[in-house]
Amino acid sequence: MVEPAGHDNGAGDADDSATRTVIVRPGGIRAAAAVDDRVHYLVVVEGEEPGRRVEITDKPTVIGRSRPADFVIADALVSRSHCRVGLVMGEVFVTDQGSSNGTLMEGARISGSRFLGPGDRFIVGSHVFEHEWRSRREVEAMRAQDSDLEKAKTYVRSLLPRPLVEGPVRTDWVLQPSANLGGDMFGYHFIDERTYAVYLLDVTGHGTDAAMHAVSVMNVLRQPNVPGLDARDPARMAAHLNEMFQMESHGGMLLSLWHGVVDLASRTVTFVSAGHHAAYLVAADGATAALDVSNVLIGMMPGYAYRSGQAAFSAGSSLYLFSDGVFEVEPANGEEWDLERFVQLLVAPSATGKPGTQGILENVKARTGRDTFEDDFTLVASTFG
Amino acid sequence: MSISYADAGDLRTIEITGRLDVDGAGSVASQLVELTEAPRKGVIVDLSSLKFLASIGIRALIQSAKAVKARGGKMALVVDTDSTVMMSIKATGVDQFVPVFDSPDDAAAAIA
């Protein structure tokens, strides 16, 4: 429970109309680890392998570009034997070994040895290191979690369909999972030879629980063998999923879904967007149409009547489904980035050498100055002949 | 990112500022749910100074609104009309579940 802070108990203020204010910040509440269990670690905060961690002991760890350094980092700005970090009388010190480009702390080059308190950082080339003082148990738990996340990422990937390179529909996609794995999933299949279904869903939150939930929902979408359920009716499918996956009985999880059923003979798409932003049709001449019907997230309101929309398209049009992770990116280069700019990119991708969705991903990276994103980046493009 | 609240009689106003994104959103989201658990009839969640609302924040808003409704109270949101937060609120359909206003006074009048 959050209690009001700085509250004066002595001033007869039992009056219910009194105004109380509390400021709480994320990360403020953290169980303190037993002090005697804590160990000193050196961890890479920025650089080639963020999260790489070694224990700091009496025997100093030498950071350098090549062996015999203990901590080798492939960084042209780093000297062969750049600096060393070790314990002296139980305290952590960093010592520059006469490197060419220096070891930097607080923006200045250090000379000789410097004390490194818990949380202090130093810079070597393009790498940032931090002194972490935390319990061994915590670090072990983190490692186990990282490995579970990696397994979940591999599993999610194994469920994704192969690109369609020939036939009446060509489909190509890119999914770059966020570091902590978002809840994005997608799929497509032919219901019969003239009907193509494509869907993308995004579960709220991150981590293995969100990914597991996404997999459960996907399994319904992939094999909709439910009596009385017409696979050609995406609004009915959304309503069915909504009844199956109410948040109260599914760990409080909600999801957004965009689901389209394309009639290739009449060139029409019937779709539902359930708490999901629009998908976009881009015609061969560059004209765009946002396919969007206002509906709520799945799992939020029992009995909600989902409505579908319909659109016609011309030969050579492409249908783009994507998660909010493609436009909710905070640029690292001071540029602006939003949905509108992303859609412009679908119409006129700038030259990167790579075609298709991978090329669009490269474009977003270039425009936002980011290589990794805080949410899953998922884009599925289907082109109709 | 910060969360604060003020009580006036039977009305609690909770304000969230900054970016409610992945880093740290979990703790702010759970604090929001806790703050709406207080036995007040009316709860206003003021998001007009929020720059960004991630899906985990959406989830916390829905959970809070359900809890407030379940105990017979009323909840309303305050959101800037042309903001990206409003875009998220509309895209996810939160506005079909919790009434949204562009000023705290309108919100207070509506749930009084």
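The structure displayed is predicted, hence computed values, not measured ones.

This part takes up the nonpolar core. All names here are of chain A. Counting residues in hydrophobic clusters, the biggest one holds 103 residues, and the most contacted among them are Y320 and L321. If sequence neighbours within four positions are ignored, L321 has contacts with F186, V198, L200, W258, A279 and V380. The next biggest cluster of nonpolar side chains, apart from the first, holds 16 residues, and it includes V94, L116, F122 and I123.

Here the focus is the environment of V45(A). Residue and element names in this part refer to chain A. Looking at the secondary structure, you find V45 in strand β1 (residues 38-46). Separated by 77 residues in sequence, V45 and F122 have C-alpha atoms that sit 9.9 Å apart. Not counting chain neighbours up to four residues away, the residues in contact with V45 comprise P50, R121, V128, F129 and E130.

Moving on to the sheet that holds strand β15 (residues 255-263) of chain A. Residues and elements named next belong to chain A. Taken in spatial order, the five strands of this open sheet run β13-β14-β15-β16-β19, and their pairing is antiparallel. Each edge of the open sheet carries a strand with a single partner, namely β13 (182-192) and β19 (309-312). Ignoring strand direction, the axes of neighbouring strands in this sheet form an average angle of 15°. Of the pairings in the sheet, the one linking strand β14 (residues 195-206) to β15 comprises nine bridges and is antiparallel in character. Bridging across to β15, Y199 finds its partner in H259.

Our next topic: the confidence of the model for chain A. Residue and element names in this part refer to chain A. For chain A, the average pLDDT comes to 86, and 89% of its residues sit at 70 or higher. This model gives residues 1-18 a pLDDT under 50, and the stretch forms 15 contacts once residues within four places in sequence are excluded. When the criterion is pLDDT under 50, residues 25-35 qualifies, and its contacts beyond four places in sequence or with other chains add up to 13 contacts.

All names here are of chain A. Pairing in this open sheet of five strands is antiparallel, and the strands run β12-β21-β20-β17-β18 from one edge to the other. In the strand order of this sheet, the two ends are held by β12 (169-176) and β18 (288-291), each with one partner. Going from strand to strand, the sheet's axes swing by 15° on average, the running direction of each strand aside. Judged from the eight bridges that link them, β12 and strand β21 (residues 377-384) form a sheet pairing that is antiparallel. Among the inter-strand pairings, T171 is bridged to a residue of β21, identified as S382. Most of the contacts of helix α4 (residues 339-347) go to strand β17 (residues 279-282), to which it runs at about 30°, and overall it touches β17, β18 and β20 (318-322).

Looking down a regular strand, the side chains alternate between one sheet face and the other. Residues and elements named next belong to chain A. Burial analysis of β20 places four of its five residues in the buried class, which makes it a mostly covered element. Pairing of β20 with β21 involves five bridges; the strand directions are antiparallel. The partner of F322 across the bridge, within β21, is L379.

Now for the environment of S64(B). Examined against the element boundaries, S64(B) turns out to sit in helix α2 (residues 55-70). For S64(B), the residues in contact, after removing those within four places along its chain, are L32(B), V33(B), T36(B) and M75(B).

So, how was this worked out
- Residues numbered from 1 in each chain as written.
- Chains lettered and ligands numbered in written order.
- Predicted model: local features only at pLDDT ≥ 70, side-chain atom pairs only at ≥ 80, totals over all residues.
- Core = buried A, V, L, I, M, F, W, Y, C linked by C-beta atoms within 7 Å.
- Buried ≥ 20, exposed ≤ 12 C-beta atoms within 10 Å, placed from the backbone.
- Contact = placed C-beta atoms within 7 Å.
- Helix = DSSP H or I, 4+ residues; strand = E, 2+ residues; numbered from the N terminus.
- Pairing = 2+ DSSP bridges.
- Axes fitted to C-alpha atoms, helices over the stretch in contact; angles between N-to-C directions.
- pLDDT = per-residue confidence, 0-100.

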